[in-house]
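Listed below, chain by chain, are the residues.
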Amino acid sequence: MKKIINLINHSLIPLVLLSALWAVIAKGSLSSWVVGMPCIIIAVIAYQRLRFHEKSVIHIGLLPGFTAWFLWHSLLGGMDVAWRALQLEVQLEPGFLRYRLTLPPGQARVFLVNVVSLLPGTLSADIEDDVLVLHALEANSKATEEVREAELRISALYGIEKD
């Protein structure tokens, strides 16, 4: 019985969700399934092989606040990047920063790295042990503070106690 539940949770549900998403994106075009179905199958296989086996729990009640924070910072960062793109003389100080991570290795840390990369003006370039190597358009303390704030919010989201 446990194998059947596992199969449904880790194969059937992702297959159905991705198929529904594909149907919406492709606007019901049957010919699109020639490309869509192999992609969906590959995605489900990748999901099965790459998913985390740890029991991480996201506090759903904190998710709306985190989402609002993320969208707000994405909007502000996007406007900043757009403003810079419109300037004749762009004032940038790009560079790499090193940020010591306090999140333990695992799902929460991977989520942080991805969130930082999605925020405009920053890119997670590498993780060396417990140090995140970050590329920023403005390599200054503001970028480091944004990563610190994201880490604190993700710690709360995953219920990880901070020292």
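Reading guide: rules and limits
Residues numbered from 1 in each chain as written. Predicted model: local features only at pLDDT ≥ 70, side-chain atom pairs only at ≥ 80, totals over all residues. Heavy atoms only, no water. Helix = DSSP H or I, 4+ residues; strand = E, 2+ residues; numbered from the N terminus. Contact = heavy atoms within 4.5 Å. 1 Å grid on protein atoms, 1.4 Å probe; cavity = no way out; pocket = protein on both sides within 12 Å on 5 of 7 lines; lining within 4 Å. Points joined across faces, edges and corners; volume = space filled by probe spheres on them. Nonpolar A, V, L, I, M, F, W, Y, C, P; charged D, E, K, R; others polar. Pairing = 2+ DSSP bridges. Axes fitted to C-alpha atoms, helices over the stretch in contact; angles between N-to-C directions. Salt bridge = Lys/Arg side-chain N within 4 Å of Asp/Glu carboxyl O. Buried < 20%, exposed > 50% of the residue type's maximum accessible area, 1.4 Å probe, protein only.

Peer 1: Would you mind going over the side chain of Arg84 with me for this structure?
Peer 2: Residue placement: Arg84 occurs in helix 3 (residues 63–86). Apart from residues no more than four positions distant in its own chain, Arg84 is found in contact with Val90, Gln91, Leu92 and Glu138.

Peer 1: In this structure, what is going on with empty space enclosed by the protein? I would like to understand it.
Peer 2: It is a probe the size of a water molecule, rolled over the atoms, that shows where empty space is left. A full pass over the atoms with the stated rule returns 1 cavity of 30 Å³ or more. Here the largest cavity defines a volume of roughly 40 Å³. Around the largest cavity sit Val116, Leu119, Thr122, Ala143, Glu146 and Val147, which together line it. The greatest single-element share of the lining of the largest cavity, amounting to 3 residues, is contributed by helix 5 (residues 141–158). Of the residues that constitute the lining of the largest cavity, the class distribution is 4 nonpolar, 1 polar and 1 charged.

Peer 1: What am I meant to see in the sheet that holds strand 3 (residues 131–136) here?
Peer 2: Consider a sheet: its strands pair through backbone hydrogen bonds, and that pairing is either parallel or antiparallel. Spatially, the 3 strands line up as an open sheet ordered 1-3-2, and their pairing is antiparallel. Either end of the sheet is taken by a strand with one partner, and the two such strands are strand 1 (95–100) and strand 2 (122–128). This sheet shows a mean twist of 30° between the axes of neighbouring strands, independent of strand direction. Note that strand 2 and strand 3 share 6 bridges and pair antiparallel. Of the residues in strand 3, the one forming a bridge with Ser124 is Leu134. Here helix 4 (residues 107–118) sits on the sheet and contacts strand 2 and strand 3; the angle it forms with strand 2, its principal contact strand, is near 145°. Helix 5 contacts strand 1 and strand 3 of the sheet and is inclined by roughly 35° relative to strand 1.

Peer 1: Please explain the pattern of salt bridges as it appears in this structure.
Peer 2: Oppositely charged side chains may form a pair once their charged atoms are brought near each other. Using the criterion set out here, one finds 6 salt bridges in the structure. Close ionic contact of Asp80 with Arg84 constitutes a salt bridge, the shortest N to O distance being 2.9 Å. With Asp80 and Arg84 both in helix 3, this residue pair falls 4 residues apart, about one helical turn. Overall, the relative accessible area of 33% leaves Asp80 in the partly exposed class. Ionic pairing is found between Glu138 and Arg84, a salt bridge with its closest N-O pair at 2.7 Å. You can see Glu138 sitting in the loop between strand 3 and helix 5 and its partner Arg84 sitting in helix 3, a full 54 residues away along the chain. The exposure class of Arg84 is buried, given its relative accessible area of 17%.

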